[in-house]
Amino acid sequence: MSHAGSRHENDGFSVERHERSGVKHLHLSGIIDEFADLSFLLHLEGEVMVHLGEVRRINSFGVRLWIDGVRAIPPEANVVYVDVAVSLVEQMNMIHDFFGRGRVESFWAPMACSSCGRTEKVLFRVADCKGSDPVGLESQCGACDAKMELDDIEEQYLAFLKDF
Amino acid sequence: MLGRRVLYYDSDDAALLLAKRVIVGTGGEATVLSDAAALDHVDLAGYDIVVLTLDEAAGPYKRAFLERSVALAPRTKVVLHACELDLECIEWMSQWPTLSHVMAKREVPLDTEELTVTIAKLLRRDHFGLDKYLPWGVDTYEVEVRDSRDKAQYVREVSNLASRLGCSDRLVELVETVVDELSTNAIFNAPRNADGVPRYAHLSRREAVALQDSECAGLTFAFDGRYFAVAQRDPFGALTRETVVTYLERCLKRTPDQLPGAGGAGMGLFRVYRVLSKLIFNIRPGELTEVIGLIDLRQSIKSLLTQPKSLHFFIEEAEL
């Protein structure tokens, strides 16, 4: 757990670790900003799955820290990123090597209902999005069952797919 | 002293009628033009403000018109009225320092509110204040930005309002990003010593910095039923138009290796810019900077990302 200054604890950044079937799982949550302690990235080894669905947001200095951290991940670590949060998908699309040598397995997408206007995040697997252009992400509205579409510009939001 | 002669070009007569009324209503002397070919012959120096709608008819004439305005009438304020703030507009702003205003053509035939504010600010040389973009009666909230250790609190103050307004989690997060980036800039980048040298920019953003009374910035925010508005004012006037335009140009080109600071300053600005409807910089060089961002809450995020955007630099020095 990393805290600094007088920040409210809800704004903190945290990493929870556990191991299952020989794979280390790291669950990141909170805000990646100038106070986030990303030093754990330097010590990754073996099979690692980094869960990013609870990362609330990242600021410009957090991006800098993240890129430095990812670049310092030992080459012997095989890192897979899952549940990549919307704010991180945006960064991934702007910065070519945002996840370095790692592989993205799944990501959250902001969806909007074409009927009732409800918005919600839906998890998609990268493997399911490959092979069609445009991808045309779709889901079903939890409120009215109508079709939900990506609430973003597809060619920008899914630009990262060509890298994985 | 800026005069009151305003030329407005648009091939749409309905837009011209509205524009003429707005210009007269703000105290200007209006000349309207619907013939794009006549743009080649306009006596640019005869006008204090020129509004050029970048419609299809103006296409063949716009570049020559802008080049002439820079060469022959550098003190004439040129306002582009564009269907999108695309890379071409930003490149023009980068190329021609006198081009400081792009007004988005979001409404047909035009957004009379934005035209009124833009013309009035230019004519009256009264640039500062979020209130100019809000109707009477709207409550504005103010926070003093003083200490880096309290940044999370500043962010919460603003995002709490966004949450109370029923904004989606993503929009609240984007509002938080706006305030985070603005506050960091106000604490670390804006403060200057008497020689104009940055006081805290060299420090790690993890350092605790408490601004002196004379250095404190002000954060103002409000909602008027349409726009969520955030403004930050610092008493230094150190931000330059060139810095902002350069960052936006690099980000719009989306060249990863050229992204400013590999994710540092500029990235925040761009991320914020993507969802804003209007971004306004009021600068009194060496004295005062005010950054205003307006997000149209009636729009979906997708609409916010794709809608045309307004970008204004009101720089007092340029009007001396």
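Residues numbered from 1 in each chain as written. Chains lettered and ligands numbered in written order. Predicted model: local features only at pLDDT ≥ 70, side-chain atom pairs only at ≥ 80, totals over all residues.

Participant: Even after reading the chapter, I still don't get the nonpolar core, so can you show me in this structure?
Facilitator: The tendency in soluble globular proteins is for nonpolar side chains to be buried as a group. By size, the foremost hydrophobic cluster in this structure holds 94 residues, and its most contacted members are B:Ala19, B:Leu80, B:Val175, B:Val179 and B:Ala229. Looking at this core element by element, the count peaks at ten residues for helix α6 (residues 169–189) of chain B. Contacts of B:Val175, omitting those with residues within four sequence positions, involve B:Val158, B:Ser159, B:Ala162 and B:Phe228. Listed in part, the 44 residues of the second largest apolar core include A:Ile58, A:Val63, A:Ile73 and A:Ala112. (Core = buried A, V, L, I, M, F, W, Y, C linked by C-beta atoms within 7 Å. Buried ≥ 20, exposed ≤ 12 C-beta atoms within 10 Å, placed from the backbone. Helix = DSSP H or I, 4+ residues; strand = E, 2+ residues; numbered from the N terminus. Contact = placed C-beta atoms within 7 Å.)

Participant: Honestly, helix α1 (residues 13–25) of chain B in this entry has me stumped. Any pointers?
Facilitator: Note: α-helices contain 3.6 residues per turn, so residues at a spacing of three or four share the same orientation. All names here are of chain B. Over its 13 residues, α1 runs 18 Å from end to end, which matches the ideal 18 Å to within 8%, given 1.5 Å per residue. Where α1 is concerned, the buried positions are Ala15, Leu16, Ala19, Val22 and Ile23. Seen along its axis, α1 keeps its buried residues to an arc of 130°; they face one direction. α1 presents Asp13, Ala14 and Val24 as exposed residues on the side facing more than 90 degrees away from its buried surface. For α1, the elements touching its buried residues are β1 (5–9), β2 (29–33), β3 (49–53) and α4 (112–124). A positive backbone phi angle near 95° is found at glycine 27, which sits one or two residues after α1. (Expected span 1.5 Å × (residues − 1). Arc of directions from axis to C-beta.)

Participant: Whenever I open this one, the domain arrangement of chain B confuses me. Can you help?
Facilitator: Note: interface size is frequently given as the accessible area lost on complex formation between the parts. Residue and element names in this part refer to chain B. Its domain assignment divides chain B into domain 1 (5–124) and domain 2 (130–319). On a C-alpha basis, the centres of domain 1 and domain 2 stand 26 Å from each other. Counting residues at the interface gives 20 residues for domain 1 and 18 residues for domain 2. For the side of domain 1 that touches domain 2, the secondary-structure elements that each account for two or more residues are α3 (87–95), β5 (99–104) and α4. Each residue belonging to the side of domain 1 that touches domain 2 can be placed in one class, and the counts come to ten nonpolar, four polar and six charged. (Domains from an automatic or database assignment. Nonpolar A, V, L, I, M, F, W, Y, C, P; charged D, E, K, R; others polar.)

Participant: Looking at this structure, I do not really get the pairing of strand β11 (residues 310–315) of chain B. What am I missing?
Facilitator: It is a general feature of regular strands that their side chains alternate between the two faces of the sheet. All names here are of chain B. Counting buried residues in β11 gives five out of six residues, a clear majority hidden from the surface. For β5 and β11, the ladder comprises two bridges, and the chain directions are antiparallel. Considered in β11, the bridge of histidine 101 is made with histidine 312. Where strand β9 (residues 278–284) meets β11, six bridges bridge the pair, whose relative direction is parallel. The residue bridging phenylalanine 281 from the neighbouring strand is phenylalanine 313, located in β11. (Pairing = 2+ DSSP bridges.)

Participant: Looking at this structure, how should I read the sheet that holds strand β8 (residues 138–140) of chain A?
Facilitator: Strands in a sheet are paired, the pairing made by backbone hydrogen bonds, and the direction either parallel or antiparallel. Residues and elements named next belong to chain A. What the four strands build is an open sheet, ordered β7-β6-β9-β8; its pairing is antiparallel. Here the strands that pair on one side only, and so sit at the sheet edges, are β7 (119–125) and β8. Averaged over neighbouring strand pairs, the angle between their axes works out to 45° when direction is ignored. Here strand β6 (residues 106–113) runs beside β7; their pairing, made up of seven bridges, is antiparallel. Bridge pairing in β7 links phenylalanine 107 to phenylalanine 124. (Axes fitted to C-alpha atoms, helices over the stretch in contact; angles between N-to-C directions.)

Participant: What should I look at first to understand the packing of helix α5 (residues 151–164) of chain B against α6(B) in this one?
Facilitator: Two numbers describe a pair of packed helices, the interaxial angle and the distance between the axes. Residue and element names in this part refer to chain B. The contact between α5 and α6 brings their axes to 9 Å, and the two run at 145°. In the packing of α5 onto α6, the handedness of the crossing is right-handed. Only Leu171, Val172, Val175, Glu176, Val179, Asp180, Ser183 and Thr184 of α6 make contact with α5, whose side of the interface consists of Lys151, Tyr154, Val155, Val158, Ser159, Ala162 and Ser163. In terms of residue class, the contact of α5 with α6 is made up of eight nonpolar, four polar and three charged. (Left-handed = near helix turned anticlockwise from the far one by under 90°.)

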